[in-house]
Amino acid sequence: MPGADDPAPDGPAVGHVGAAHDLVDRLLRPGEQILWAGQSDPRRMFVDADRYLIPFSAFFTTVVTIGLVGAARSHAHPVVIALLSAFVLVGLHMLVGRFAVKRHRKRTDVYAVTTERVLITNGRRTRETDARRTDWYVDRSPGHVTVQWDDVSDLDTLFYGGRAAAQQYANTGLDGAPGARENFALYDDADGDALVAALRQVSGR
């Protein structure tokens, strides 16, 4: 099953297939072979959730910034000013910072399918899942493929819409919070046919 580690902030940029293979090669077990390796396309930054996240973030940031300016001018209690300042920083991260996080992940994370595992690694931290799992599904968009494994469907038995709630921030730069549940996924790959072919070969689907 996948772990929850995020990419290290100083992870190496990769940028081409040969370097991706070299990075994964160091992680192979005896007898394990790479069937496919690649990366998320860094040119693809927006997802469907951004249609509401961007307007909401802009509105939220504007409101709390106005509140902070008003509080500062009226010499409000320092605790109020500190709280509003924190909200402004949260709003700026939602509006701008998360895209820097997402771009960094796309530049440093390498995806791989081997004869035993599916890997996401930046050379310092690695997440993996069993390549024989068959509970993966494919989302296609023009020129890109995302593959996800179903790790959150059980949340629907805990509360209504649990799976949707867990996935709403996936691939937005807001995912990966400590303790967060999310599907193991390979996002926005431009070599989608080869990726799916490798998964079909090893999982038997």
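Residues numbered from 1 in each chain as written. Predicted model: local features only at pLDDT ≥ 70, side-chain atom pairs only at ≥ 80, totals over all residues. Heavy atoms only, no water.

Student: I'm lost on the overall build of the chain in this one. Help?
Tutor: Secondary structure assignment for the chain yields five helices and seven strands. Helices and strands appear in the chain in the N-to-C order α-β-α-α-β-β-β-β-β-α-β-α. Expressed as a percentage of the 205 residues in the chain, the buried residues total 40%. Across the chain, every contact between residues at least 6 apart in sequence was considered, and the portion connecting residues at least 24 apart equals 71%. (Helix = DSSP H or I, 4+ residues; strand = E, 2+ residues; numbered from the N terminus. Buried < 20%, exposed > 50% of the residue type's maximum accessible area, 1.4 Å probe, protein only. Contact = heavy atoms within 4.5 Å.)

Student: I would appreciate a short explanation of the layout of surface pockets in the present structure.
Tutor: The calculated volume of the largest pocket comes to roughly 440 Å³. Of all elements in the fold, only β5 (136-141), β6 (144-149) and β7 (185-189) reach the threshold of two or more residues within the lining of the largest pocket. Each residue belonging to the lining of the largest pocket can be placed in one class, and the counts come to five nonpolar, eight polar and five charged. (1 Å grid on protein atoms, 1.4 Å probe; cavity = no way out; pocket = protein on both sides within 12 Å on 5 of 7 lines; lining within 4 Å. Points joined across faces, edges and corners; volume = space filled by probe spheres on them. Nonpolar A, V, L, I, M, F, W, Y, C, P; charged D, E, K, R; others polar.)

Student: Would you explain the nonpolar core in this entry?
Tutor: Considering soluble globular proteins, one finds that nonpolar side chains tend to be buried as a cluster. The biggest cluster of nonpolar side chains holds 20 residues, and the ones touching the most others in it are W149, L186 and L199. Here this core gets five residues from one element, more than from any other, and that element is helix α5 (residues 192-203). Beyond its immediate stretch of four places on either side in the chain, L186 contacts W36, Y111, V118, L119, I120, V145, T146, V147, W149 and L195. Among the nonpolar cores identified, the runner-up in size contains seven residues, and V24, A37, V110 and A112 belong to it. (Core = buried A, V, L, I, M, F, W, Y, C linked by side-chain atoms within 4.5 Å.)

Student: How should the sheet that holds β6 be read in this particular structure?
Tutor: The strands that make up a sheet pair up through hydrogen bonds in the backbone, lying either parallel or antiparallel. Taken in spatial order, the three strands of this open sheet run β5-β6-β7, and their pairing is antiparallel. If you trace the sheet from one side to the other, it starts and ends with β5 and β7, each paired once. Direction aside, the axes of adjacent strands within the sheet are offset by 15° on average. The pairing of β5 with β6 spans six bridges and is antiparallel. The partner of D139 across the bridge, within β6, is T146. (Pairing = 2+ DSSP bridges. Axes fitted to C-alpha atoms, helices over the stretch in contact; angles between N-to-C directions.)

Student: What is the right way to look at the packing of aromatic side chains in this model?
Tutor: Across all of its chains, the model carries four aromatic pairs by this definition. Between F60 and F87, the aromatic rings sit 6.2 Å apart at their centres with planes inclined by 85°, giving edge-to-face as the arrangement. Here F60, found in helix α2 (residues 50-73), pairs with F87, found in helix α3 (residues 78-108); they are 27 residues apart in sequence, far enough to count as distant. Site record: aromatic cluster; members linked through ring pairs are F56, F60 and F87. Taking NZ or CZ as reference, R205 lies 3.9 Å from the ring centre of W136, over its face. (Phe/Tyr/Trp six-rings, centres within 6.5 Å; stacked < 30°, edge-to-face > 60°. Lys NZ or Arg CZ within 6 Å of the ring centre and 35° of its normal.)

Student: Is there a simple way to explain unusual backbone geometry in this structure?
Tutor: Residues other than glycine predominantly adopt negative phi, and peptide bonds predominantly adopt the trans conformation. Phi at H75 is positive, roughly 55°, even though this residue is not glycine. Its location among the elements puts H75 in the loop between α2 and α3. The phi dihedral of D188 falls on the positive side, at around 55°, and the residue is not glycine.

Student: Hey, could you run me through α5 in this one?
Tutor: Along an α-helix, residues three or four apart share an orientation, since each turn contains 3.6 residues. For α5, built from twelve residues, the straight-helix expectation of 16 Å at 1.5 Å per residue is met to within 8% by its first-to-last C-alpha distance of 16 Å. All of the buried residues in α5 are G192, L195, V196, A198, L199, V202 and S203. Relative to the axis of α5, the buried residues are bounded by an arc of 160° and lie together on one face. Projecting away from the buried face of α5 at angles above 90 degrees are the exposed residues D193 and Q201. G204 lies just past α5 and shows a positive phi near 80°. (Expected span 1.5 Å × (residues − 1). Arc of directions from axis to C-beta.)

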